[in-house]
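Residue-level structural notes
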Amino acid sequence: AVGSAVDLVPAPFAGLVNAVLRKVAEAGPAALEGLDAERRDTPGWLWTAWHTAYGPAVRAIAAAHRTEAPLDLSLKPGATAPEGGEVLPTGTWRYPAGTRVTELAGFAEGAFWVQDAAAALPARLLAVRPGERVVDLCAAPGGKTAQLAAAGGAVTAVERDPKRAARLRENLARLQLPAEVVVTDAVQWDAGGASFDAILLDAPCSATGTIRRHPDVPYLKRAKDIPAMAELQRALLAAAARRLAPGGRLVLATCSLQAEEGEAHLAAAAALGLAVDPVRPEELPSLAEAITPAGTLRTRPDLWADRGGMDGFFAARFRKP
Ligand SMILES: C[S@@+](CC[C@H](N)C(=O)[O-])C[C@H]1O[C@@H](n2cnc3c(N)ncnc32)[C@H](O)[C@@H]1O
């Protein structure tokens, strides 16, 4: 690597680059050993934000990001789980990190889909009943659409990005689950004036809850990205609230550890006339610690650490009076 770098730089710098990189190669590993691994791997703005939100648990969160995530599957009702996994208390099937999903028995037949244990929770909180008209806003690649359809809902899945919508259709076809896919911006979508009893809004976000699976996220995102994402989420929440029938329920979810993309939305929801419908401990077996005093869901990568952790998600369930 040092030789390649030296070859690549213009001649006047070759000696300097050679000297510095050789030093790094020799002394680097020992120097890294002496550093605080969790802090070293966490950009300062994220450390500060998580420390503000979660206190000393910031270290456990950062430590969880240093281990590879397992493969989690949601099973179609009635399907048999492939060999080699364990079922978690919330119903997700978990397989060792590095398991290749396409090689598991039942993949081609559509017996299951990949979905982190925490990602499976928001759609469950919506508790769809067979035949209910349900909307999944921001739907691709469709893990949550699949859950809603598998629960028997008559699902309309709204996705803005045509390529991602194509993937959503492919996934639904593999799983043989029905849903109407509408390719449009969920903020603008008028739904022909219809209103719905159940809406899932899995809003686009910074994805800082998925760092175990996407270790590039801390380096691609900046602190200044968060307010813009939160504003888009508020616009989507307002659009969702408009389409909710009186008495209807709405679940807002983000796969973010940032409070601005989660807990902070409770004030916006209240201003829209939405009341929090608190999550009950019996809805989340062995995961009561993920329920906040406000009755919302907050999962973190360091929860269930001995079982392999889970993505960081915020979810809140609201009712329209
Ligand atoms: C967090 S991902 C959704 C994941 C999906 N719910 C699942 O469980 O598989 C957010 C999705 O929202 C889409 N999106 C972003 N802004 C949107 C908008 N204004 N209207 C509709 N979809 C949007 C993105 O293209 C992306 O596919």
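Keep in mind that this is a model prediction, so the values were computed, not measured.

Rules and cut-offs
- Residues numbered from 1 in each chain as written.
- Predicted model: local features only at pLDDT ≥ 70, side-chain atom pairs only at ≥ 80, totals over all residues.
- Helix = DSSP H or I, 4+ residues; strand = E, 2+ residues; numbered from the N terminus.
- Rg over C-alpha atoms; globule rule 2.2 N^0.38 Å.
- Contact = placed C-beta atoms within 7 Å.
- UniProt positions renumbered as here; feature names shortened; annotations may be inferred.
- Buried ≥ 20, exposed ≤ 12 C-beta atoms within 10 Å, placed from the backbone.
- Pairing = 2+ DSSP bridges.
- Axes fitted to C-alpha atoms, helices over the stretch in contact; angles between N-to-C directions.
- Parallel < 35°, antiparallel > 145°, perpendicular 65-115°, else oblique.
- Nonpolar A, V, L, I, M, F, W, Y, C, P; charged D, E, K, R; others polar.
- Near = placed C-beta within 6 Å.
- Core = buried A, V, L, I, M, F, W, Y, C linked by C-beta atoms within 7 Å.

Topic: the overall build of the chain
Counting its regular elements, the chain contains 11 helices and 12 strands. Here the C-alpha radius of gyration of the chain, 22 Å, is about what a compact globule of 321 residues would show, namely 20 Å. A separation threshold of at least 6 residues defines the contact pool for the chain, and within that pool the share at least 24 residues apart is 68%.

Here's the deal with the UniProt feature "binding site: S-adenosyl-L-methionine" (unreviewed entry) in the chain
As annotated in UniProt, the feature "binding site: S-adenosyl-L-methionine" (unreviewed entry) corresponds to Cys138, Ala139, Ala140, Pro141, Gly142, Gly143, Lys144, Glu159, Asp185 and Asp202 in the numbering used here. Judged by the 26 C-beta atoms lying within 10 Å of it, Glu159 falls in the buried class. Looking at the secondary structure, you find Asp202 in strand β8 (residues 196-202). By C-beta crowding, Asp202 is classed as buried, having 24 other C-beta atoms within 10 Å. Excluding anything up to four places from it in sequence, Asp202 contacts Pro122, Cys138, Lys144 and Ala253.

With respect to the pairing of strand β1 (residues 71-75)
Across the 5 residues that make up β1, a large majority, 5, are buried. As paired elements, β1 and strand β3 (residues 93-95) share 3 bridges and run antiparallel to each other. Residue pairing for β3: Leu71 is matched across the bridge by Tyr95.

Some remarks on the packing of helix α4 (residues 44-54) against helix α5 (residues 57-64)
Two elements in contact, α4 and α5, have axes separated by 8 Å at closest approach and are oriented at 130°. Put simply, α4 runs oblique to α5. In this structure, α4 contributes Trp47, Trp50, His51 and Tyr54 to the contact, and α5 contributes Ala57, Val58 and Ile61. Here the residues of the contact of α4 with α5 are counted per class, giving 6 nonpolar, 1 polar and no charged.

What to know about the sheet that holds strand β2 (residues 86-87)
Across the sheet, which stays open at both edges, the 4 strands sit in the order β2-β3-β1-β4 with antiparallel pairing between neighbours. Two strands bound the open sheet, and with one partner strand each, they are β2 and β4 (112-114). Summarising the sheet, β1 and β4 pair through 3 bridges and their orientation is antiparallel. Considered in β4, the bridge of Leu75 is made with Phe112.

Structural notes on the site of the ligand
In the neighbourhood of the ligand, 17 residues make up the surrounding shell, with Cys138, Lys144, Arg160, Ala186 and Asp202 lying closest. Of all the secondary-structure elements, those providing two or more residues to the shell around the ligand are α7 (143-150) and β6 (154-159). Looking at the shell around the ligand residue by residue, the classes come out as 8 nonpolar, 2 polar and 7 charged.

Looking at the nonpolar core
Core analysis: the largest hydrophobic core is formed by 71 residues, its most contacted members being Leu137, Leu201, Ala240, Leu250 and Ala315. In terms of residue count, helix α10 (residues 225-242) provides more of this core than any other element does, 8 residues in total. With sequence-adjacent residues up to four places away left out, Leu250 is seen in contact with Ile199, Leu201, Ala240, Ala241, Leu244, Leu274 and Phe318. Counting residues in hydrophobic clusters, the runner-up holds 7 residues, among them Leu46, Val58, Ile61 and Ala64.

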